[in-house]
Amino acid sequence: MTGASLTAQYFDDIFGSDDDPWNLASSKYEAAKFLHTHDVLADRRYARAMEIGCAHGVLTGHLAPMCDSLLAVDISSKALAKAREQVGDRPGVSLAQMAFPQDTPDAEDFDLVVLSEVAYYWGLADLDRASEWLRDHVSPGGRIILVHYTGETDYPQSGDEAVEALWTELAADFDVELTERRDKYRLDLWKRR
């Protein structure tokens, strides 16, 4: 673990040098992971959802039909430009540039917050900040879904470290609905008491 979160410049550089740096739109692995995420969440409809780290908007496209209102945010302006191409003018979908958790929406509580492949980019201070915001802005009965790669990375946290750090802060207010480990990723679903 390290102390500093990755910056907007880091992500703009990645998206500037490669249209799809993680093969989000073309990889069978990513497609299966997005479908798994969708299927886990598809047992209900969400009035107000937020996707943190939407990148190109591929997962956003899977989430939108389940949500009355979906705010998809990313730290990178270049990623958001791609997301606008992906999701266009879908009703109920809003895109915003935001360096969460330093920047947070001025909005009502959410009944779904999606953290897919994002929490391991945060240092410990930002993981604490994210936990505090989630505790205060996920409505009772609302869900947080976390999906993270479990292999080695050069990010501030591993997927396991990031999820465990968030859980340590949120366990008193959330219940575990589901924890699954697949070949290369973990999926955690938590519900606000």
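Worth saying up front: this structure is predicted, and the values here are computed from it rather than measured. (Residues numbered from 1 in each chain as written. Predicted model: local features only at pLDDT ≥ 70, side-chain atom pairs only at ≥ 80, totals over all residues. Heavy atoms only, no water.)

A.B. asks: When you look at helix 5 (residues 124–137) in this model, what are you seeing that I'm missing?
C.D. replies: Every α-helix carries 3.6 residues per turn, so stepping three or four residues along brings you back to the same face. The end-to-end C-alpha distance of helix 5 is 20 Å, a good match for the 20 Å that 14 residues give at a rise of 1.5 Å each. When helix 5 is considered as a whole, its buried residues turn out to be Asp126, Leu127, Ala130, Ser131, Trp133 and Leu134. (Helix = DSSP H or I, 4+ residues; strand = E, 2+ residues; numbered from the N terminus. Expected span 1.5 Å × (residues − 1). Buried < 20%, exposed > 50% of the residue type's maximum accessible area, 1.4 Å probe, protein only.)

A.B. asks: For this particular structure, what's the right way to read the sheet that holds strand 1 (residues 46–52)?
C.D. replies: By definition, the strands of a sheet pair up through backbone hydrogen bonds, in either a parallel or an antiparallel sense. On the basis of which strands lie adjacent, the open sheet formed by seven strands has the order 3-2-1-4-5-7-6 and mixed pairing. Either end of the sheet is taken by a strand with one partner, and the two such strands are strand 3 (93–97) and strand 6 (174–181). Each strand of the sheet is rotated relative to its neighbour by a mean of 15 degrees, with strand direction disregarded. Where strand 1 meets strand 4 (residues 110–116), four bridges bridge the pair, whose relative direction is parallel. Residue Glu51 lies in a different strand from strand 4, and its bridge partner there is Val114. Helix-sheet contacts for helix 2 (residues 28–41) involve strand 1, strand 4, strand 5 (138–149), strand 6 and strand 7 (185–192), and the interaxial angle to strand 7 is about 20 degrees. Each of strand 4, strand 5, strand 6 and strand 7 is contacted by helix 6 (residues 159–170), which is oriented at about 10 degrees to strand 7, the strand it contacts most. (Pairing = 2+ DSSP bridges. Axes fitted to C-alpha atoms, helices over the stretch in contact; angles between N-to-C directions. Contact = heavy atoms within 4.5 Å.)

A.B. asks: So what exactly am I meant to see when it comes to the packing of aromatic side chains here?
C.D. replies: Aromatic ring pairs are described here by two measures, namely the spacing of the ring centres and the angle between the planes. Considering all chains together, one arrives at eight aromatic pairs under this definition. When the ring of Phe100 is compared with that of Trp122, the centres are 5.7 Å apart and the planes differ by 45 degrees; the resulting orientation is tilted. Residue Phe100 is located in the loop between strand 3 and strand 4, and its partner Trp122 is located in the loop between strand 4 and helix 5; the two are separated by 22 residues in the primary sequence. Look at Phe100 and you get buried, because its relative accessible area is 5%. With centroids separated by 5.0 Å and ring planes inclined at 80 degrees, the aromatic side chains of Tyr120 and Tyr121 adopt a geometry described as edge-to-face. Each member of the pair Tyr120 and Tyr121 is classed as buried. Across from the ring centre of Tyr29, 5.8 Å away, lies the NZ or CZ of Lys184, which sits over that ring. (Phe/Tyr/Trp six-rings, centres within 6.5 Å; stacked < 30°, edge-to-face > 60°. Lys NZ or Arg CZ within 6 Å of the ring centre and 35° of its normal.)

A.B. asks: How should the pattern of salt bridges be read in this particular structure?
C.D. replies: Side-chain pairs of opposite charge can arise whenever the charged atoms involved come near each other. With the rule as written, the count across this model stands at 14 salt bridges. By sharing partners, the salt bridges in this structure join Asp160, Glu164, Arg181, Arg186 and Asp188 into a single network. (Salt bridge = Lys/Arg side-chain N within 4 Å of Asp/Glu carboxyl O.)

A.B. asks: Which parts of the structure should I look at to understand the packing of helix 5 against helix 6?
C.D. replies: Between two packed helices, what matters for the description is the angle formed by their axes and the separation of those axes. Taken N-terminus to C-terminus, the directions of helix 5 and helix 6 make an angle of 45 degrees; their axes are 9 Å apart at the nearest point. Relative to helix 6, the element helix 5 lies oblique. In this structure, helix 5 crosses over helix 6, and the sense of that crossing is right-handed. Within the contact between the two elements, helix 5 uses Leu127, Asp128, Ala130, Ser131, Leu134 and Arg135 and helix 6 uses Ala162, Ala165, Leu166, Glu169 and Leu170. Grouping the amino acids of the contact of helix 5 with helix 6 by side-chain chemistry returns seven nonpolar, one polar and three charged. (Parallel < 35°, antiparallel > 145°, perpendicular 65-115°, else oblique. Left-handed = near helix turned anticlockwise from the far one by under 90°. Nonpolar A, V, L, I, M, F, W, Y, C, P; charged D, E, K, R; others polar.)

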